[in-house]
Structure formats: structure tokens, C-alpha cells
Amino acid sequence: MTTRTVQVTATHLPPASAGAFRDARRRERRTLAVLVVVAAAVLVGFCTIGLVGNWEYALGIRLRKLATMIVVGYAIACSSVIFQTVTGNRILTPGIMGFDALFVLIQTLIVFFSSGLALTAADPRLLFAGQVVTMVVFASALYRWLFGRRSRDLYVLVLAGVIFGTLFSSLSSLASRLINPNDFVVLQDTLFASFNQVDPGLLLLSVLLVPAMTAWAARLFARLDVVALGRDHAIGLGVDHSSVVNRALVAIAVLVSVSTALVGPITFLGLLVANLARQLTGTYRHRVLVPAAGLVSVIVLLGGQLVLEQVFSLNTALSVIINFAGGVYFIALLVRESRR
């Protein structure tokens, strides 16, 4: 069965609804314009504030950090918005599937079976490829097991992700207790998301992979707008729900794997930016939500890194600041949902 997306415009609606429709579109455009201006201002501030010494050398380093944060931020934002749509839950993110825990387990096992020196001396391209392939294979096997032959509830997938995440975390904790204390220090340094020492070759590969996957996911945006109404409504409106969800999950797996392998896990960033984008735009349309979430993510990362460098003098990790803010926001969401 083929599906056809009907583009709704103001001319198809009664006068009162047409006015509300135009107001909603104006709000979307205004919000995106404001986010673009704020992101540009933070970008300029990040590249210029505190820049001393050899400008060419210092600016080159900052531009590499800038490219890394844009790629990682957009990958996390896009995957989080899509994941919340297919699960129908605004407090879930791809991190619930165990990707972060699997990344930690891979790093821990490398140190456990070899040493901390082997982890730091390993070819970054080989390590990156191994981590991405492992996480994508894990996600693909999980999706195939749960959705391959029989139609199962999507929440079974989430529950399985939680169970595997707990298993990976437990194994990582056990292995970390058995390794040399010096190796443990090296391991801990690699488990915090860092934008300061990203290999240029890996960054280039990520710059190619992330836009390719987001462009592929963009082809699903119109159908994801319908999927957001719920499985029964989506099927009733002619959308192949299982096919759309499976393709969306593949895109999520690749995006999360690339961003996590490139800089490490940032637990609460996706939750923070996806929900802020929904509140700011007030829309369900993914062609607006995803760019808005990407811009919010870039603002958060660039602003956080600027504060980290200028206020904390690089005495802590950016992920610590983001996870603190995201954790507070997560609690606020839970409180608000419970009151409803």
C-alpha cells in the first residue's frame, strides 16, 4: 500500500482556523529566526572572547571545537526528537536504550584486557570505527529481535534497552573494580564527554555521516508528524507505522553511535534540547522541531563551553555542567507531568 502526504495550507481551512494556522506558522518562523540569531551570537562569542596570542593558531583550534559541537549537537537533537516521537514519550531519549552504557563498557573492557596505555595509544580511527559498528550492530540486533517476526509493543524495546543498559553498567562497574588504579584514572578521563581532543580525521568522517543520516531521516518527517498522533491513528491515516518506526530507529542508532563514539556520552543533552524546542516552537512538525532542537543544542554546547573556558578555566568537564542542568530540567518535567 502506498501513502500520500497531504500538505495542509491556510486555504484549506475555515477563516477562524486559517487565522490560527497562519499565527502558528508565524510563531514557528519567528522562533527559528530568534534561535538563528542567538546561535550566531554565541558562535561569534565562542570564536572571539578570550582569544589571545597567535590568532591563527588559536582560532583554528576553536573552529575545530565549533565543528565538533555542531555535528554532535545536531546528531543528538535529531535523534532525541525522533525517538520521543516514535515512543510517544517526552521524557525518553536514546540514552535509555543503553548506548551510553555500551560505550562505557567498551572503553572499560579495553583497559581491563590490556591497559590504560593501550586505550590512549590505540589508533583513534580504528577505535571510533569499532565503537560505532558495535553500537549499531547492538541496536540492529535488538530491533530485529523485537520487531523481526512478530509485532511487539514499542515499550518492550524500551524495557529491553533499560535492562541491557543496566547489564552493561554492572559489567563496567565490576571490571573497573578489578583494574589497576592508574589505569582506572586513565579510563575515567575517557568517560567524560570532551570536545578538546577530537581527531580531525574522525571529525571529517562524522561531518560526512551525520548530515547523510539526518537527510535520510528528513524524508520521514511528514510521516513522523502522523506517527506522533499514535499508532492506531497513523495506521488509520494510511501510514505504514512499523516501517516508519524501524527506519527511524536505524537513523537514531547511527546518529547516537557516531556522536557518542566521537566525544563520549552526554546523558541529558537530548532530553533538554528536544523539550525546549517543543516548548519554544509550540508545534508538532518535525521539519521545524528538528532544526529548532539542533539550534538549541548548538547554543547550549557553545554557551556551556564558553562558560567552562572563561569562568571555570577548564577545571571541569562540559558534560558535568550539561548533565546538571539537564537533570534539574528532567526533575521539573516529572513534577509537571505528575501534577497533570
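Higher on the page you've got the structure.
All values derive from a computational prediction rather than experimental measurement.

Thresholds applied
Residues numbered from 1 in each chain as written. Predicted model: local features only at pLDDT ≥ 70, side-chain atom pairs only at ≥ 80, totals over all residues. Heavy atoms only, no water. Phe/Tyr/Trp six-rings, centres within 6.5 Å; stacked < 30°, edge-to-face > 60°. Helix = DSSP H or I, 4+ residues; strand = E, 2+ residues; numbered from the N terminus. Buried < 20%, exposed > 50% of the residue type's maximum accessible area, 1.4 Å probe, protein only. Expected span 1.5 Å × (residues − 1). Axes fitted to C-alpha atoms, helices over the stretch in contact; angles between N-to-C directions. Parallel < 35°, antiparallel > 145°, perpendicular 65-115°, else oblique. Left-handed = near helix turned anticlockwise from the far one by under 90°. Contact = heavy atoms within 4.5 Å. Nonpolar A, V, L, I, M, F, W, Y, C, P; charged D, E, K, R; others polar. Core = buried A, V, L, I, M, F, W, Y, C linked by side-chain atoms within 4.5 Å. Salt bridge = Lys/Arg side-chain N within 4 Å of Asp/Glu carboxyl O.

Draft legend 1. Highlighting the packing of aromatic side chains. Enumeration over the complete set of coordinates arrives at four aromatic pairs. Note on F164 and F168: the rings are 6.1 Å apart at their centroids and 35 degrees apart in plane angle, and the pair reads as tilted. Of this pair, F164 and F168 are both found in helix α6 (residues 154-178), four residues apart, which corresponds to roughly one turn of the helix. What makes F164 partly exposed here is its relative accessible area of 27%. Under the relative-accessibility criterion, F168 is labelled buried at 9%.

Draft legend 2. Quick peek at helix α3 (residues 99-113). With 15 residues, α3 extends 21 Å from end C-alpha to end C-alpha; this agrees with the ideal 21 Å at 1.5 Å per step. Along α3, the residues classified as buried are F99, D100, A101, L102, F103, L105, I106, Q107, T108 and V111.

Draft legend 3. Representation of the packing of helix α2 (residues 55-87) against helix α11 (residues 241-263) in the model. Between α2 and α11, whose axes approach to 9 Å, the crossing angle comes to 150 degrees. On the basis of their axis angle, the class for α2 and α11 is roughly antiparallel. Between α2 and α11 the crossing geometry is left-handed. Every residue of α11 that contacts α2 at T68, V72, A75, I76, C78, S79, I82, F83 and V86 is listed here: V245, A248, L249, I252, L255, V256, S259, L262 and V263. For the contact of α2 with α11, the per-class residue count stands at 15 nonpolar, three polar and no charged.

Draft legend 4. Spotlight on α2. With 33 residues, α2 extends 47 Å from end C-alpha to end C-alpha; this agrees with the ideal 48 Å at 1.5 Å per step. Directly beyond the C-terminal end of α2, a positive phi value near 70 degrees is found at G88.

Draft legend 5. Molecular detail of the side chain of K65. Mapped onto the elements, K65 comes out in helix α2. Residue contacts for K65: discarding those within four places in its chain leaves F46, F195, N196, Q305 and E309.

Draft legend 6. Layout of the nonpolar core. Counting 85 residues, the largest nonpolar core has I82, F99, F195, L224, L249, I266 and L301 as its most contacted members. For this core, the element with the most residues is α11, which contributes 14 residues. Not counting residues within four places of it along the chain, the set of residues in contact with L301 comprises M69, G73, F195, I266, L269, L318 and I322.

Draft legend 7. Examining the side chain of T31 more closely. Relative to the elements of secondary structure, T31 occurs in helix α1 (residues 15-48). Once you skip the residues sitting within four places of it in the chain, T31 turns out to touch L280 and T281.

Draft legend 8. View of the pattern of salt bridges. Applying the stated criterion across every chain, the model contains two salt bridges. Note that E28 and R25 form a salt bridge whose closest N and O atoms lie 3.0 Å from each other. Of this pair, E28 and R25 are both found in helix α1, three residues apart, which corresponds to roughly one turn of the helix. Comparing E28 with R25, the two get one shared label, buried. The partner of E28 in a salt bridge is R285, and the shortest N-O contact between them spans 2.5 Å. In this pair, E28 sits in helix α1 while R285 sits in the loop between α12 (269-281) and α13 (286-310), placing the two residues 257 residues apart along the sequence. What makes E28 buried here is its relative accessible area of 2%. On the basis of relative accessibility, which here comes to 12%, the residue R285 falls in the buried class. Several salt bridges converge on common partners, so that one network encompasses R25, E28 and R285.

Keep in mind that these numbers describe shape and distance, not what the molecule does.
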